[in-house]
Structure formats: C-alpha cells, structure tokens
Amino acid sequence: MLYRITLGISFLWMVLLGKAQTDANGLALLPKPTEAQLAWQNQQLYLFVHFGPNTFTDKEWGLGNEPENVFNPFALNCEQWARIAKAAGAKGMIITAKHHDGFCLWPSKYSTHTVAQSKWQNGKGDVLKACAAACKKYGLSFGVYLSPWDRNHPQYGTPGYNAVFVNMLKEIFTNYGPITELWWDGANGEGPNGKKQVYDWPLFIQTVRKLSPQTLIFSDVGPDIRWVGNEKGIAGTTNWNTLDTATFTPGIGAPPADTLQTGNYNGCCYIPAECDVSIRPGWFYHSNEDSLVKTPLQLWNIYTKSVGRGANLLLNVPPNRKGLFNSEDSLALMQFKKLREEAFAKNLLQRGAMVTTNHTNRKDVKRRYPAYHYIFKEPVSMNCVVLEEDLTKGQAISSVNISISINGEVQQTIPITTVGHQRMVFFPTCKATELSVVVSGAKNLPYLKQIAAYQLPEKLLQAVL
C-alpha cells in the first residue's frame, strides 16, 4: 500500500514541462506509450500479495524489531497462490519482498533481518524464489514491492543506506527476474537511529533501467505507472494516461490526489494509473477479518470503477500464517470471475447488428471525428456499452456521446469524457433498435479499436449504478 513520504530535497522527477506542442495541422503531439506499457495495460487485473512478519503479529506496520523467528509459514505454497490467481483471471502477482519493517523475503546479503535468520526451513527458505517460479509455471507476470523505508537496517537514515538499497535492487533483478513491475511504496519514516532517509531516487531509477530496461516502475509519480491517488481501487471518470511531473517529487511532493486520479489533459509524460485495493479491510492477513472479505459484487463494483475507467486493478490477497490463500478469499475471487464472465458473455453487436461508420467532413482536420451507428433487425435490451481506444498513437479522445434509440425515438443519451484503454458505460436497461457512438472531442485524430454492447444481469447493473 502507498503512503506519502517526506523528502529533504527537491528534484525534477522526469522532464521539464513545456507548452503542449502541435503538428503542421495544429493537432497535439501526444505522448506515446512504450510497448511494455501497452502490454501492462492489457493485463488489467493482477494480485498484490502482502506477506511478512506482520502476517504473524497481526500488525499492518511492523516496527522492525520483530524477532526473525516470528516468520514461519510452515505450509507455504506459492503455487497455490498462482493457481488461484490464474483461475481467477488475474494476469500476474506483485509480492511485498520488503515492507517497512525491513524484513526481506529473500536471503539478502545486505541485511540481517531476512528469511535466512529465521527458523523457517532452517534458514534455507526463499519466498521470492518460490513466488517467481510459481508465476513462471502458471504464465503470470511477476512483480516486486520493495519499500525504501527500513525500520530495522542500522544504516537507514545515513548516506550509506542508498547504496544498501541499490545492492538489494541488484540482488532482486539478478536472481529473480524477469520482473514486470517494481512497486515503490512512498513511505519514509524514522529508522532505528531515529532518522529519516534522503532517498536517491535518480540513482534508484538509473539502477533499474540498467539492470532491466523493460521493467515498469510504479510510484505516485511514475516514471512508468502512477498511483491513482486512493487505496479504494477507484479511478476518475475522466482518466488521462498522461501526467505532468516537473517540479513534483514522490510522496508528499507529488501532485494532489485528484490530479493523480484524473491525470493531466496536456500531460507531457505517458504514465497510466494503477488502482490498488485490498480484498480485506487490512493489507496483511488477520484471522478476525475472515468474515470481512469483500463480496463478489463489491469486487465487481471496484472492477468497473478501475478497469472500467481505463486503469489497471491491483487487488491485494494476503496469504495466511500457513502461507496459503485463505478459503474465503479464493472463493470470493472465483465468484468474482464468474460475475465478469456473466457480464460480458454476449456482445450484442456481434449478433447481426448492421453498422455504418462516417467522419465529419470538414476542412479542419481536427474535426474529423468518427461516428458509429448500429441498427438491429429486432429490438434488443441493453444496459452497458464498452469502448476501447487505440493507444499506440497516444490517448486522444476527450469526449464521446452515446445514444440508444428504438425506432428512431431516443431512449438514453450518455455523454462521457475519456475512453483510454477501456471504458465501461452503464445505464438503466432499455430496448433498442439503434445504437450510436459519436466521438465529439479529441486532442488528435481519434481511433476507437472496439465497441461492444451488453445486457448485464440486473444484479450486476444495480451494483454499479
């Protein structure tokens, strides 16, 4: 989970912000995603795995002085995690290799607070190795959470700690790759010496870029993936994949939460949003929360407000003290997948609807917006339209008008703003013989790569309206 940090220095996080540039036609030159960012956006849903001493002490924030022997997941089975993740339709997992307490789930040479000092597997265990292998076996992407804050390490709060953190990065990328996403929590509290650390973020980024250029780095200001500004799993109804980062810093110096939620219309950097949320009230496993696991309908609601608004959903599922996903969590995940399958089982536009496409024909190239008109032979019931934008050229669409009619009489008119990777639009169930999707605003020539329409079961509709 992401917490704000306090930095003693200020630096430019990426590049200096300039005025939005345009081409010869006066169209905006859009920031474009890398292939790795596009592949990441296609994942949409993957699991967060908070695991460590907190699992055994019932804490959320460990103090760093917990005895190593408290960590003893005697039945650890990372393949069980991966099997459940795969069956639930998740595309990957990100594990908390080191949380704020400083305990390392791998036998790091740069700490004495690791699995190697615990009695678990006689000090020979390696959770990170097991998790990476399980992800590889089940075709899941593998990500690592590595908190810069360390409440145990004696060098934390001194210039020497930055070198320690760099060496830990080198260990992880050398021994456990490939790593799709590196997740940097922004916490920056006091260490055992009572001091806070001045993080050398440019050095950390440079290290990762050199070790693994394809790894995407997450923080609340990127540089590759941004925090959405809350831990509820909810993106903005307007959600730009672009963000201005000049003069901002990670943590307390980051943009306001509402800016992180919506992005910047003319943002200079392509930094799409990731929504993190836990399936439980807490991030680590606590037995007294077994009855408080989010219901499948609650997970569906979150999904529609994250993935359904163009962001990715990072859903935390914490293993229990045995080292296994609990039955309550896995059951909710399986039923959640079933709801998604029910919702999107039948695309009405693939069942005999005739489509015509046209563009407004004006000399001003900026006004050449596409319009799609679908006609059904017989009236159909619908309550959901899903749009997908072609982002290879950047995110362009700023507004769309959707209208549903029956025999020429308009039943529903729904204006929306951004589309992005995917936009789910919900409305009361109505009969339709015509569906129109008209792009009404864009920063550059807009490209919709897919339009779909559905009739959701009423329970799913009511859960999101």
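Residues numbered from 1 in each chain as written. Predicted model: local features only at pLDDT ≥ 70, side-chain atom pairs only at ≥ 80, totals over all residues. Heavy atoms only, no water.

> Explain the nonpolar core to me, please; I cannot follow it from the model alone.
Most often, soluble globular proteins keep nonpolar side chains buried together rather than apart. Grouped together as the largest cluster of nonpolar side chains are 87 residues, with contacts concentrated most on Trp-81, Met-93, Val-127, Phe-142, Trp-184 and Trp-300. With 8 residues, the single largest contributor to this core is helix H5 (residues 160–175). Beyond its immediate sequence surroundings of up to four residues, Trp-81 is in contact with Val-49, Phe-51, Leu-76, Met-93, Ile-95, Val-127, Cys-131, Pro-319, Gly-323, Leu-324 and Phe-325. Formed by 29 residues, the second largest nonpolar core is a distinct cluster that contains Tyr-369, Tyr-372, Val-380 and Leu-387. (Core = buried A, V, L, I, M, F, W, Y, C linked by side-chain atoms within 4.5 Å. Buried < 20%, exposed > 50% of the residue type's maximum accessible area, 1.4 Å probe, protein only. Helix = DSSP H or I, 4+ residues; strand = E, 2+ residues; numbered from the N terminus. Contact = heavy atoms within 4.5 Å.)

> What is the right way to look at the environment of Gln-261 in this model?
In this fold, Gln-261 is placed in helix H7 (residues 257–262). Owing to a relative accessible area of 23%, Gln-261 belongs among the partly exposed residues under this scheme. In contact with Gln-261, other than residues within four places in its own chain, are Arg-226, Val-228, Asn-230, Ile-234, Ala-235, Gly-236, Thr-238 and Asn-239.

> Before we go on, may I ask you to explain the side chain of Arg-423 in this structure?
Of note, Arg-423 is situated in strand E15 (residues 423–442). It turns out Arg-423 is buried and unbridged, and the closest side chain with the opposite charge, Glu-389, is 9.2 Å from it. Of the polar contacts made by the side chain of Arg-423, one reaches the backbone oxygen of Thr-418; its length is 2.7 Å. In this view, Arg-423 contacts Thr-237, Gly-308, Arg-309, Val-385, Val-386, Leu-387, Ile-416, Thr-417 and Thr-418; residues no more than four positions away in its chain are not counted. (Lys, Arg positive; Asp, Glu negative; His and termini not counted. Salt bridge = Lys/Arg side-chain N within 4 Å of Asp/Glu carboxyl O. Polar contact = N/O pair within 3.5 Å; in protein donor to acceptor, adjacent residues only side chain to side chain.)

> I would appreciate a short explanation of helix H9 (residues 327–343) in the present structure.
Residues separated by three or four positions in an α-helix point in the same direction, a consequence of the helix having 3.6 residues per turn. The end-to-end C-alpha distance of H9 is 24 Å, a good match for the 24 Å that 17 residues give at a rise of 1.5 Å each. Residues of H9 that are buried include every one of Asp-329, Ser-330, Ala-332, Leu-333, Phe-336, Leu-339, Arg-340 and Ala-343, and no others. (Expected span 1.5 Å × (residues − 1).)

> Looking at this model, I keep getting lost on the confidence of the model for the chain. Mind explaining?
As a note on interpretation, predicted positions should not be read in detail where pLDDT is low. With 92% of its residues at a pLDDT of 70 or more, the chain shows a mean pLDDT of 92. This stretch, residues 1–19, has a pLDDT under 50; its non-local contacts, to residues over four places away or in other chains, come to 82 contacts. (pLDDT = per-residue confidence, 0-100.)

> Which parts of the structure should I look at to understand the layout of surface pockets?
Rolled over the atoms, a probe sized like a water molecule indicates the empty space that remains. The calculated volume of the largest pocket comes to roughly 380 Å³. For the largest pocket, the lining is made up of 20 residues, of which Gln-44, Tyr-303, Phe-344, Gln-422 and Met-424 are closest to its centre. (1 Å grid on protein atoms, 1.4 Å probe; cavity = no way out; pocket = protein on both sides within 12 Å on 5 of 7 lines; lining within 4 Å. Points joined across faces, edges and corners; volume = space filled by probe spheres on them.)

> How should empty space enclosed by the protein be read in this particular structure?
Summed over all chains, the structure comprises 1 cavity of 30 Å³ or more. Quantified by volume, the largest cavity comes out at close to 40 Å³. Lining the largest cavity, in full, are Trp-40, Gln-43, Tyr-46, Met-93, Ile-94, Ser-141, Phe-142, Gly-143, Thr-180 and Glu-181. Only helix H1 (35–43), strand E2 (92–98) and strand E3 (141–146) provide two or more residues apiece to the lining of the largest cavity. In terms of residues, the lining of the largest cavity owes the most to one element, E3, which gives 3 residues. The residue makeup of the lining of the largest cavity, split by class, is 5 nonpolar, 4 polar and 1 charged. (Nonpolar A, V, L, I, M, F, W, Y, C, P; charged D, E, K, R; others polar.)

> I tried to follow the pattern of salt bridges on my own but got confused; where do I start?
Note on pairing: side chains with opposite charge can pair once their charged atoms come close. Scanning the model with the defined rule gives 8 salt bridges in all. A salt bridge links Glu-66 to Lys-59; the nearest nitrogen and oxygen atoms lie 3.1 Å apart. Taking relative accessible area as the criterion, Glu-66 reaches 5% and is therefore assigned buried. When its relative accessible area of 27% is taken as the criterion, Lys-59 is described as partly exposed. Arg-280 serves as the salt-bridge partner of Asp-290, at 2.8 Å between the closest nitrogen and oxygen. Placement of the pair is Asp-290 in the loop between strand E9 (273–278) and helix H8 (296–306) and Arg-280 in the loop between E9 and H8, with a sequence separation of 10 residues. Side by side, Asp-290 and Arg-280 carry an identical accessibility label, which is buried. The network of salt bridges with common partners includes Arg-280, Asp-290 and Asp-329.

> Just to check I follow, could you spell out the packing of aromatic side chains for this structure?
In this description, an aromatic ring pair is defined by two values, namely the gap between the centres and the angle between the planes. Applying the stated rule across the entire model yields 27 aromatic pairs. Taking the centre distance of 5.7 Å and the plane angle of 85° together, the rings of Phe-71 and Trp-120 count as edge-to-face. One end of the pair, Phe-71, is in the loop between helix H2 (53–57) and helix H3 (78–87); the other, Trp-120, is in the loop between E2 and helix H4 (127–137), and 49 residues separate them in sequence. Residue Phe-71 is classed as buried on the basis of its relative accessible area, which comes to 0%. The class for Trp-120 is buried, based on a relative accessible area of 3%. When the ring of Tyr-156 is compared with that of Tyr-161, the centres are 5.1 Å apart and the planes differ by 75°; the resulting orientation is edge-to-face. Assigned by exposure class, Tyr-156 and Tyr-161 land together as buried. Among the aromatic side chains, those forming a connected cluster through ring pairs are Phe-51, Phe-56, Phe-71, Trp-81, Phe-103, Trp-120 and Phe-325. Of note, Arg-340 hangs over the ring of Tyr-303, and the distance from its end group to the ring centre comes to 5.5 Å. Of note, Lys-393 hangs over the ring of Tyr-447, and the distance from its end group to the ring centre comes to 4.7 Å. (Phe/Tyr/Trp six-rings, centres within 6.5 Å; stacked < 30°, edge-to-face > 60°. Lys NZ or Arg CZ within 6 Å of the ring centre and 35° of its normal.)

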